[in-house]
Structures are given as C-alpha cells and as structure tokens.
Amino acid sequence: MSKSVYDRGLLKPADIARLQRVFDEACLRREARPDSPEAREIALNLLALHNAGMVDEEMLTDAVGFRRLEPKSA
C-alpha cells in the first residue's frame, strides 16, 4: 500500500500556509522582494527551522524577520 504525502513527512496544507505567512512578513520586514536572493535565504532558513521542529508562527517570524544591519562605510 502506498503511503500518502503526509505519511512521508511532507508539508501539510496548514504548514504551507503558516510558512507562506511568515515568509511574506519576513520579506516585508526586511524589505526583500519575494524573488530576490535574500528572499531565497529567508525561505531556506524557514524550511530548515520548520524541519528542526520550530512550528510556532511567532517564533518563526522572530527568527527570520529581523532586519539585518547594513555594514557601515569606512
């Protein structure tokens, strides 16, 4: 008998919706276009955190939504 996608550990619709909300908020906070390299980094970090067990939306937002400080010019 074939396993469903959920039994194989793939994301459930609620997970995808949560990650999308966090991604959108992080891009907004960091002023990153969704198709930018910075947004790709946000997405990869989100997936890594989720796969490590962090599923709370607020915690995820706090973890990836910070605004990086730009290096000061000398």
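Our subject in this report is the structure included herewith. (Residues numbered from 1 in each chain as written. Predicted model: local features only at pLDDT ≥ 70, side-chain atom pairs only at ≥ 80, totals over all residues. Heavy atoms only, no water.)

Look at helix α2 (residues 37-51) against helix α3 (residues 57-64): their axes get within 10 Å of each other, and the N-to-C directions meet at 140 degrees. The angle between the axes of α2 and α3 places the two elements in the oblique class. In the crossing of α2 with α3, the sense of the turn from one axis to the other is right-handed. Together, I42, N45, L46, L49 and H50 of α2 and L60, A63 and V64 of α3 make up the contact between the two elements. (Axes fitted to C-alpha atoms, helices over the stretch in contact; angles between N-to-C directions. Helix = DSSP H or I, 4+ residues; strand = E, 2+ residues; numbered from the N terminus. Parallel < 35°, antiparallel > 145°, perpendicular 65-115°, else oblique. Left-handed = near helix turned anticlockwise from the far one by under 90°. Contact = heavy atoms within 4.5 Å.)

Here the focus is the pattern of salt bridges. Tallied over the full model, the rule gives 5 salt bridges. One salt bridge connects R18 with D15, and the closest N-O pair in it is separated by 3.2 Å. Here R18 and its partner D15 are both found in helix α1 (residues 13-30), 3 residues apart, which amounts to about one turn of the helix. Grouping residues by exposure puts R18 and D15 together as buried. The shortest N-O distance in the salt bridge between D35 and R33 comes to 2.9 Å. The exposure class of R33 is exposed, given its relative accessible area of 56%. (Salt bridge = Lys/Arg side-chain N within 4 Å of Asp/Glu carboxyl O. Buried < 20%, exposed > 50% of the residue type's maximum accessible area, 1.4 Å probe, protein only.)

Compared with the 21 Å implied by 1.5 Å per residue over 15 residues, the 21 Å span of α2 between its first and last C-alpha is a close match. Every buried residue of α2 is listed here: A39, I42, L46 and H50. What you see down the axis of α2 is that its buried residues fit within an arc of 60 degrees, all on one side. Exposed and facing more than 90 degrees away from the buried side of α2 are P37, R40 and N51. Where α2 is buried, its residues contact α1 and α3. Just downstream of α2, G53 is the residue with a positive phi angle, here 110 degrees. (Expected span 1.5 Å × (residues − 1). Arc of directions from axis to C-beta.)

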